[in-house]
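Secondary and tertiary structure notes
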Amino acid sequence: MATIRGIQHVFLDIDGVLMLGDLPIPGGTATVNKLESLGIGVTYVTNTTRKPRRKLQEQLQKLGFHLTDNDIICPAIIAREKIMRMKRSSAALFVNDGVMEDFEGLRVQRRDVGSVVMGDLGDKFTPEILDEIFRLTFSGANLIALQKNRFWRDQGGLRLDLGPYVAAIEYATGRRAEIVGKPSPGYFRGLLERQQVRPETTLMVGDDIEADVHGAQRLGIKTVLVKTGKYDFDFIKRTTIKPDAVIPSIADLPAALGIEA
Ligand SMILES: [Mg+2]
């Protein structure tokens, strides 16, 4: 495996890279400590739409990571900033209760809204809720999706993610959702600007070949795929997307970067 050199900043996915469900994946804190000891910046970039940023920060802190909430970028935060900048800053939020606090300050209503936000409602995506989202979008509201992942994996196995539900609304309305999470190019461009880093010296580490690897690659960011989390060999074999390196887990990242102790 070729060593990836010259990296100055790392975008780290959280689910499937540092944690599986609520359990830590071994080697995460040691790797981040190693990166930071060498002056390599770390930003935690997640498509999680089930927990607010504050909770993610608390969880990571408990696992031994040192970070502030500004070090974590999640789709709800990006969506809120986007809607606040719009002329019609009212929104209907179809998001997990847990993530509501990340939308603080928005005018939230269920009728005559400027935007509809789809987050991960899990088993609360009932036909009635999908009809409501459909009607609001069909009658002119912007459709914003916090992410469009196909599936994810928790301790119970593979599960449908938000993407299939977003696709259903797009199909019914003939309109495209604006995706504010990975792999949207706008998301990665925003990340580079926010952190003031250049793509060629930045690395994205993730377990999702599409959301993490493909999304980052389109902007020239280097990529590493870990084999933990949702990494699925059959799916990887069927895709033409090639990360710069594939490693067993986050514990192997220093070796891939040639910065082992
Ligand atoms: Mg992941």
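Residue indices begin from 1 for each chain and proceed along its sequence in written order. It should be noted that, the model being predicted, local features are given only for residues of pLDDT at least 70 and side-chain atom pairs only at 80 or more, the latter also being counted only at that level, while totals for whole chains, interfaces and linings use all residues.

1. What to know about the overall build of the protein
Strands here mean DSSP runs of E at least two residues long; helices mean DSSP runs of H or I at least four residues long; both are numbered from the N terminus. In terms of regular secondary structure, the protein is built from nine helices and 15 strands. For this measure, only C-alpha atoms enter the radius of gyration; the expected value for a globule follows 2.2 Å times N^0.38, where N is the number of residues. Relative to the globule expectation of 18 Å for 261 residues, the C-alpha radius of gyration of the protein, 18 Å, shows essentially globular dimensions. Taken over the C-alpha atoms alone, the protein extends approximately 60 × 40 × 30 Å along its principal axes. Going through the 261 residues of the protein one by one, you find that 42% of them count as buried. Backbone-placed C-beta atoms define the burial measure: a residue is buried with 20 or more other C-beta atoms within 10 Å of its own, exposed with 12 or fewer, and partly exposed in between.

2. Focus: the pairing of strand 4 (residues 41-45)
At least two DSSP bridges between two strands are required for those strands to pair. Both strand 1 (residues 9-12) and strand 4 contribute to a ladder of four bridges, which runs parallel. Residue Phe 11 lies in a different strand from strand 4, and its bridge partner there is Thr 43. Sheet analysis places strand 4 next to strand 5 (residues 72-73), joined by two bridges and oriented parallel. By the bridge assignment, Tyr 44 is partnered in strand 5 with Ile 72. Looking down the strands as they point away from the viewer, one classifies a crossover as right-handed if the path from the first strand across the helix to the second runs clockwise. Where the polypeptide runs from strand 4 across helix 2 (residues 53-62) and back to strand 5, its parallel neighbour, the crossover connection is right-handed.

3. Looking at the sheet that holds strand 5
The six strands lie next to each other as 5-4-1-13-14-15, forming an open sheet whose pairing is parallel. Looking along the sheet, the strands with just one partner apiece sit at the ends: strand 5 and strand 15 (245-247). Of the strand pairs in this sheet, strand 1 and strand 13 (residues 202-206) are connected by four bridges, and their pairing is parallel. Bridging from a neighbouring strand, Val 10 pairs with Leu 203 of strand 13. Most of the contacts of helix 6 (residues 185-195) go to strand 4, to which it runs at about 145 degrees, and overall it touches strand 1, strand 4, strand 5 and strand 13. The contact rule is simple: place each C-beta atom from the backbone, and if two of them lie within 7 Å, those residues are in contact. What counts as an axis is a line fitted to C-alpha atoms, over the stretch in contact for a helix, and the angles between N-to-C directions run from 0 to 180 degrees.

4. Comments concerning helix 5 (residues 163-173)
Given 3.6 residues per turn, any residue in an α-helix points the same way as the ones three and four places further on. Every buried residue of helix 5 is listed here: Gly 163, Tyr 165, Val 166 and Ile 169. One face of helix 5 carries all of its buried residues, which in axial projection span an arc of 165 degrees. Considering only its buried residues, helix 5 is in contact with strand 8 (115-118), helix 4 (127-138) and strand 9 (142-145). One or two positions beyond helix 5, positive phi appears at Gly 174, with a value near 70 degrees. What the arc measures is the spread of directions leading from the helix axis to the C-beta atoms.

5. As for the nonpolar core
Think of a nonpolar core as buried Ala, Val, Leu, Ile, Met, Phe, Trp, Tyr and Cys residues, each tied to the set through C-beta atoms within 7 Å. In terms of nonpolar packing, the biggest core is built from 66 residues, with Leu 12, Val 116, Val 117, Met 118, Ala 145, Leu 146 and Val 205 touching the most fellow members. Throughout, the edges of the domains are those of an automatic or database domain assignment. Shared between two domains, this core takes at least three residues from each, and those domains are domain 1 (9-47 + 182-256) and domain 2 (87-179). Aside from chain neighbours lying at most four places away, what touches Leu 146 is Thr 49, Pro 75, Ala 76, Ala 79, Val 95, Val 117, Met 118, Gly 119, Leu 162, Val 180 and Gly 181.

6. As for the domain arrangement of the protein
Assigned domains of the protein: these are domain 1 (9-47 + 182-256) and domain 2 (87-179). Computed from C-alpha coordinates alone, the two centres of domain 1 and domain 2 are separated by 25 Å. Under the scheme applied here, ten amino acids are nonpolar (Ala, Val, Leu, Ile, Met, Phe, Trp, Tyr, Cys and Pro), four are charged (Asp, Glu, Lys and Arg), and all others, including Gly, are polar. Considered class by class, the residues forming the side of domain 1 that touches domain 2 number one nonpolar, five polar and three charged.

7. Considering the pairing of strand 8
Burial along strand 8 is two-sided: the residues Ser 115 and Val 117 and Val 116 and Met 118 are all buried. Alignment of strand 6 (residues 90-94) against strand 8, held across four bridges, turns out to be parallel. Within strand 8, the residue paired with Phe 94 across the bridge is Met 118. Note: strand 8 against strand 9, four bridges, orientation parallel. Among the inter-strand pairings, Met 118 is bridged to a residue of strand 9, identified as Ala 145. Following the chain from strand 8 across helix 4 to the adjacent parallel strand 9, one finds a crossover that is right-handed.

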